[in-house]
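A closer look at the structure
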Amino acid sequence: MTERTPALLTRGADAETCADPSSVMTLLGESAGPGGGFTSYRSTFAKGAVGAPAHFHTKATELFFVISGSLRVLVGEEITVLNEGDFLAVPPHTPHAFAAAPDAEADALFVFTPGMGRFDYLRLLGRVMRGEADPKEIAESAERFDNHYVDSPVWRAALEGTA
């Protein structure tokens, strides 16, 4: 008999949020079910707010769905803008980054599979952004959360407005 993972329901009014100066993350659901489960959260970004620096995952596929606004995304060495209704799946080992598009707000749904307990990573990130935790804790958590930062001259140039 196959073991079944129970359904997971998170009511919007009950969802935990993590905030930093430019975004709010609403933690929707996390499961460690068969195949590694998933992590899902929603982020709302202030106009032009930076999301994540260039990074990759060795195990997880990261899925993006833009609910409203525009999200600028780096995938490999290419930058594109995702608009309302756009979907993107970034496979493992692919460098990527994201931010609200210049002069735009963004509201996006993110899903990771497998999830790897990423809610703890998002909580840590919020504490670092608010100055409540040391940034070195993020680097020390790379393997645990499958989040590996890389340098991307293309992304840096885009954020500086020179690309």
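Structure's up top.
Each value, and the rule that gives it
- Residues numbered from 1 in each chain as written.
- Predicted model: local features only at pLDDT ≥ 70, side-chain atom pairs only at ≥ 80, totals over all residues.
- Heavy atoms only, no water.
- Helix = DSSP H or I, 4+ residues; strand = E, 2+ residues; numbered from the N terminus.
- Rg over C-alpha atoms; globule rule 2.2 N^0.38 Å.
- Buried < 20%, exposed > 50% of the residue type's maximum accessible area, 1.4 Å probe, protein only.
- Contact = heavy atoms within 4.5 Å.
- Salt bridge = Lys/Arg side-chain N within 4 Å of Asp/Glu carboxyl O.
- Core = buried A, V, L, I, M, F, W, Y, C linked by side-chain atoms within 4.5 Å.
- Phe/Tyr/Trp six-rings, centres within 6.5 Å; stacked < 30°, edge-to-face > 60°.
- Lys NZ or Arg CZ within 6 Å of the ring centre and 35° of its normal.

Turning next to the overall build of the chain. When you go through the chain residue by residue, the secondary structure sums to 4 helices and 10 strands. For the chain, the succession of helices and strands along the chain, N to C, is β-β-β-β-β-β-β-β-β-α-α-α-β-α. A compact globule built from 163 residues should have a C-alpha radius of gyration of about 15 Å, and the chain, at 16 Å, falls within 12% of that. Dimensions along the principal axes, computed over C-alpha positions, put the chain at roughly 55 × 30 × 30 Å. Evaluated residue by residue, the chain yields a buried proportion of 42% over its 163 residues. In the chain, of all internal contacts separated by at least 6 residues, the share reaching a separation of at least 24 is 69%.

Moving on: the pattern of salt bridges. For the coordinates displayed, the defined rule picks out 6 salt bridges. Where Arg 123 meets Glu 16, a salt bridge forms, and the shortest distance between an N and an O atom there is 2.7 Å. A residue pair is termed long-range when its members are at least 10 positions apart, and Arg 123 in helix α1 (residues 118-129) and Glu 16 in strand β1 (residues 16-20) qualify at 107 residues. Salt-bridge contacts for Arg 42 lead to Asp 107; the nearest nitrogen and oxygen are separated by 2.4 Å. Taken together, the residues span a long stretch of sequence, with Arg 42 in strand β3 (residues 38-45) and Asp 107 in strand β9 (residues 106-113) at a distance of 65 residues. Each of Glu 16, Asp 120, Arg 123 and Arg 144 takes part in salt bridges that share partners, so that together they form one network.

Let us look at the environment of Ala 32. Topologically, Ala 32 is positioned in the loop between β2 (23-31) and β3. A relative accessible area of 75% means that Ala 32 is categorised as exposed. With 17 residues separating them along the chain, Ala 32 and Ala 15 place their C-alpha atoms 18 Å apart.

Before going further, it helps to examine the nonpolar core. Of all hydrophobic cores here, the largest spans 29 residues; its most connected members are Tyr 41, Phe 45, Phe 64, Leu 71, Phe 98 and Phe 110. Contributions of two or more residues to this core are made by β2, β3, β5 (61-75), β7 (87-90), β8 (96-100), β9 and α1. The leading source of residues in this core is α1, at 5 residues. Beyond its immediate sequence surroundings of up to four residues, Phe 110 is in contact with Thr 39, Ser 40, Tyr 41, Ser 43, Phe 45, Glu 62, Leu 63, Phe 64, Leu 71 and Phe 98. Within the second largest apolar cluster, 5 residues are counted, among which are Ala 54, Leu 74, Ala 99 and Trp 155.

Per the stated rule, a full pass over the model turns up 7 aromatic pairs. Consider the rings of Phe 64 and Phe 98, whose centres lie 5.6 Å apart with planes at 80 degrees: the pair is edge-to-face. Here Phe 98 lies in strand β8 and Phe 64 lies in strand β5, a separation of 34 residues in the sequence. For the pair Phe 64 and Phe 98, one class covers both residues: buried. Between the aromatic rings of Phe 98 and Phe 110, the centroid separation amounts to 4.8 Å while the plane-to-plane angle is 35 degrees, which identifies the pairing as tilted. Placement of Phe 98 in strand β8 and of Phe 110 in strand β9 is noted, with a sequence separation of 12 residues between them. Classification of Phe 98 as buried rests on a relative accessible area of 5%. Put simply, the rings of Tyr 41, Phe 45, Phe 64, Phe 98, Phe 110 and Phe 112 pair up and form one aromatic cluster. The lysine or arginine in question, Arg 72, covers the ring of Trp 155, its NZ or CZ lying 5.8 Å from the ring centre. The ring centre of Phe 112 lies 4.1 Å from the NZ or CZ of Arg 118, which sits over that ring.

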